[in-house]
Amino acid sequence: MKSLGTFVLIFFLSLVFCLPLTRASSGDTETYAVDPIHSTAFFKVGHYGFGFVTGSFTDISGKIVVDRARHTNSRVEIIIKTESIDTNNSQRDEHLKSKDFFDVAQFSSMQFRSRSIKKSSTNLYEVTGDFTLHGRTKTLTVPVRFIGEGKDHYGAYRVGFEAKFAIQRSEYGMTKYIPAAGDRVEIILVVEGIRQ
């Protein structure tokens, strides 16, 4: 019932879109719109030390700009609607939307805007940017893995990324029910972008 940490996922998740692609190209900048149907932020937060509550945010939008020749010119902006939280329990979801947690009436979204991108190894990047949640902004660096790219059966060109990391929800002013509902939130963000 206290999946507070949930929100954090989403935001990190956002980081994924910043990453430059590995395929060589002319060096021209490419713009990708985040596909909300194939993008999700998953999270896991402790419950009384007995187990975990898991869930996701499903309303993700944003833009990924990729410069294959110069990673430093790539950038991303991600927006996640806090109203879209889903823990497979409607009563818990409504509680998470309340002032005890996300307070969706006042803070309707989480946002991430990249500052820099660094390649750490083949298909792996470190993306640093500003993440705003619950009215607080912090700078985060998140590891992101480039999954792949290519045309789908409709002819649209797609790219995919995955990010795995953890945050402390208390750092964003969400302290209700700690430690019954864990402070540490583990997040997996999976994102697909469609070239415009």
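Just so we're clear, the structure is a prediction, and the values are computed from it rather than from any experiment. (Residues numbered from 1 in each chain as written. Predicted model: local features only at pLDDT ≥ 70, side-chain atom pairs only at ≥ 80, totals over all residues. Heavy atoms only, no water.)

## Re the overall build of the chain
The helix and strand inventory of the chain stands at two helices and 11 strands. Starting at the N terminus and ending at the C terminus, the chain contains elements arranged as α-β-β-β-β-β-β-α-β-β-β-β-β. A separation threshold of at least 6 residues defines the contact pool for the chain, and within that pool the share at least 24 residues apart is 65%. Only carbon and sulfur atoms are counted for the fraction: they give 48% of the accessible area of the chain, which is about 9,200 Å². (Helix = DSSP H or I, 4+ residues; strand = E, 2+ residues; numbered from the N terminus. Contact = heavy atoms within 4.5 Å. Areas by Shrake-Rupley, 256 points an atom, 1.4 Å probe, with all protein chains shown as cover.)

## What about the pattern of salt bridges?
Per the stated rule, a full pass over the model turns up 14 salt bridges. As a salt-bridge pair, Glu77 and Arg113 come within 3.2 Å of each other at their nearest N and O atoms. With a gap of 36 residues between them, Glu77 in strand β5 (residues 75-81) and Arg113 in strand β7 (residues 109-121) connect regions that are remote in the sequence. Exposure remark for Glu77: the relative accessible area of 29% places this residue in the partly exposed category. (Salt bridge = Lys/Arg side-chain N within 4 Å of Asp/Glu carboxyl O. Buried < 20%, exposed > 50% of the residue type's maximum accessible area, 1.4 Å probe, protein only.)

## Re unusual backbone geometry
Omega for the bond connecting Ile178 with Pro179 falls within 30 degrees of zero, at 10°, which places this linkage in the cis form. Secondary-structure assignment places Pro179 in the loop between β10 (157-168) and β11 (181-195). A positive phi angle, close to 60°, is found at Tyr48, a residue other than glycine. By secondary structure assignment, the location of Tyr48 is in the loop between β2 (40-47) and β3 (51-57). On the basis of relative accessibility, which here comes to 44%, the residue Tyr48 falls in the partly exposed class.

## Quick look at the packing of aromatic side chains
For any pair of aromatic rings, geometry is given as the distance between the ring centres together with the angle between the planes. According to the stated counting rule, one finds six aromatic pairs in the structure shown. Pairing Phe43 with Phe57 gives two aromatic rings, centres 6.1 Å apart and planes at 45°, and the pair type is tilted. One end of the pair, Phe43, is in strand β2; the other, Phe57, is in strand β3, with 14 residues separating them in the sequence. Comparing Phe43 with Phe57, the two get one shared label, buried. A centroid spacing of 5.9 Å and a plane angle of 15° characterise the contact between Tyr48 and Phe50, whose relative ring orientation is stacked. An aromatic cluster of at least three residues, connected via ring pairs, comprises Phe43, Phe57 and Phe102. (Phe/Tyr/Trp six-rings, centres within 6.5 Å; stacked < 30°, edge-to-face > 60°.)

## Here we look at the side chain of Thr87
Tracing the chain through its elements places Thr87 in the loop between β6 (85-86) and α2 (90-96). Looking at Thr87, its side chain comes within polar contact range of the side chain of Asp93, at 2.5 Å. (Polar contact = N/O pair within 3.5 Å; in protein donor to acceptor, adjacent residues only side chain to side chain.)

## Details of the pairing of β5
Where burial is concerned, the two faces of β5 differ: the one with Val76, Ile78 and Ile80 is buried and the one with Arg75, Glu77, Ile79 and Lys81 is not. One ladder, built from six bridges, connects strand β4 (residues 60-67) with β5; its direction is antiparallel. Along β5, the bridge assignment pairs Val65 with Arg75. Two strands pair when backbone bridges link them, and β5 and β7 are joined in this way by five bridges, in the antiparallel orientation. Bridged to Lys81 within β7 is Ser109. (Pairing = 2+ DSSP bridges.)

All we've got here are geometric facts, nothing functional implied.
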